Amino acid sequence: MVIAVSCDQKPKQEPIKQEIKLMMKVEKVAQIGEEEVFKYSLDNGNMQVEMTNYGGLISKIVVPDKDGNMENIALALDSIPDYFTRKLLFFGATAGRVANRISNARFELDGVTYELAKTNGENHLHGGVEGFNKKVWKGEPYSNDSILGVKMTYLSVDGEEGYPGNLTSTLWMELTRDNVIRIKFESSTDQKTIVNLTNHTYFNLGGIKRDVLDHEIQFWADAYTPVDGELIPTGEVKDVTGTPFDFRTPKILGDQIAANGGGFDHNMVTKKEKSPEFKQIARVKHAATGRTLEMMSDAPGVQFYTGNFLKDFAGAEGKTYQQYWGFCLESQVWPDGINKPNFPSPILEPGEKYTHHIEYKFGVEK
């Protein structure tokens, strides 16, 4: 099935009528039990995005460089069914019910202790053994004259992966005319619970030929949350001044990794508390190709991960992904917030609505 939306654009000083079409192709690629898995291919005439209702994931982002060369800039696998069985590092996926780490794989609500699966050492990571990245969401494609999108919904039942409450989540993923990938999450619950959803795309603006150490990165973050040896936040909120985490002015990633003694897997503090303010939190540039990525979010933090654990991973198109071949910008409530009283809280009450908005805008500087 192909959905096409066309719009005539007539520049003020251009007598030739130009027609720009937004195109979406919807293809069934698999059946898992009674659930149908689709691949959605979105094309705005300048860039293409592929996504699927399996894991609510983005499987490809194809954008031009300064010379017009089109390349995929998202670490991926060759086909959607490959994601079903391969051991993944959450490529492109929606992470949940709670993204990032929960210390000791447990938390307490109103005097009740909830035990979770230990999927990262002694800790819980990205929702458990079968988190939202392993679920088939119900997908509904839509479009108008300015966007192409897919609405996805998933019901996480009470007790799934140890979490309380029936949690209904809706995910909207859109491609706009002006080269923005827009992601919106909403969740509601019938019982007090915790939720923290994010997107886990690995980016490489160089076109996935080598590592991302030559990327220039800037964060609008004055602080970060230090971690222990198991990458659990210590509870401290530390000023970035005088540290390798100071990206308030653009820095070359390789230089900062060298100064840090290794890669990053840390929460950058973009707000000290939750609020609806939607703001720029990051900008990335790759000088060799001219590609740029700007990120906006309303979350209080963003997990900056530099692919530290990638090694000899058989990726798409016969490529082997290695350490630092991609970086993730996972906006979020701060990790282990349920166990850190001084952190923004991931608690969701019945009658409340969890919301989280993200935008990734792609461009070129010549």
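Residues numbered from 1 in each chain as written. Predicted model: local features only at pLDDT ≥ 70, side-chain atom pairs only at ≥ 80, totals over all residues. Heavy atoms only, no water.

As annotated in an unreviewed UniProt entry, the chain is Aldose 1-epimerase from Daphnia sinensis. If you open the UniProt record of the chain and go to Sequence similarities (unreviewed entry), you find "Belongs to the aldose epimerase family." (UniProt positions renumbered as here; feature names shortened; annotations may be inferred.)

Turning next to unusual backbone geometry. In this model, Gly-96 is joined to Arg-97 through a cis peptide bond whose omega is 10°. Mapping Arg-97 onto the fold places it in the loop between strand 7 (94-95) and strand 8 (101-102). Positive phi, close to 65°, is recorded for Leu-231, a residue that is not glycine. Mapping Leu-231 onto the fold places it in the loop between strand 20 (223-225) and strand 21 (238-239). Phi angles above zero are rare outside glycine, and Tyr-324 is one such case at about 70°. Counting through the fold element by element, Tyr-324 comes out in the loop between strand 28 (320-321) and strand 29 (327-332). By relative accessible area, Tyr-324 is classed as buried at 13%. (Helix = DSSP H or I, 4+ residues; strand = E, 2+ residues; numbered from the N terminus. Buried < 20%, exposed > 50% of the residue type's maximum accessible area, 1.4 Å probe, protein only.)

The subject of this paragraph is the UniProt feature "active site" (unreviewed entry) in the chain. Following the UniProt record, the feature "active site" (unreviewed entry) maps to His-200 and Glu-330 here. The greatest C-alpha distance among the annotated residues, which extend across 131 residues, is 5.9 Å, indicating that they converge on a single site. Assignment of secondary structure puts His-200 in the loop between strand 17 (198-199) and strand 18 (202-203). The exposure class assigned to His-200 is buried, which follows from its relative accessible area of 3%. Aside from chain neighbours lying at most four places away, what touches His-200 is Leu-89, Phe-90, Phe-91, Gly-92, Ala-93, His-126, Tyr-305, Cys-328 and Glu-330. (Contact = heavy atoms within 4.5 Å.)

Another point: the environment of Leu-231. Spatially, the C-alpha atoms of Leu-231 and Asn-120 are 9.8 Å apart, while their sequence positions differ by 111 residues. Apart from residues no more than four positions distant in its own chain, Leu-231 is found in contact with Arg-101, Asp-265 and Phe-309.

According to UniProt, the feature "binding site: beta-D-galactose" (unreviewed entry) maps to Asn-100, Arg-101, His-200, Thr-201, Tyr-202 and Asp-265 in the numbering used here. Here Thr-201 is to be found in the loop between strand 17 and strand 18. Apart from the residues within four sequence positions on either side, Thr-201 is in contact with Ile-58, Ile-61, Ala-74, Gly-92, Phe-327, Cys-328 and Leu-329. A polar contact of 2.7 Å, which involves the side chain of Thr-201, links it to the side chain of Asn-199. (Polar contact = N/O pair within 3.5 Å; in protein donor to acceptor, adjacent residues only side chain to side chain.)

Here we come to the sheet that holds strand 23 (residues 265-269). Pairing is antiparallel in the open sheet, where six strands are placed in the order 18-29-26-23-20-21. With one partner strand each, in any of the chains shown, strand 18 and strand 21 form the two edges of the open sheet. Strand direction decides the pairing type here: strand 20 and strand 21, joined by two bridges, are antiparallel. Within strand 21, the residue paired with Tyr-224 across the bridge is Lys-238. (Pairing = 2+ DSSP bridges.)

Moving on, we get to the environment of Leu-310. If you trace the backbone, Leu-310 turns up in the loop between strand 26 (301-305) and strand 27 (313-314). For Leu-310, a relative accessible area of 2% translates into the label buried. Setting aside residues no more than four positions away along its own chain, Leu-310 makes contact with Leu-75, Leu-89, Phe-91, Tyr-202, Tyr-305, Tyr-321, Gln-322, Gln-323, Trp-325 and Gly-326.

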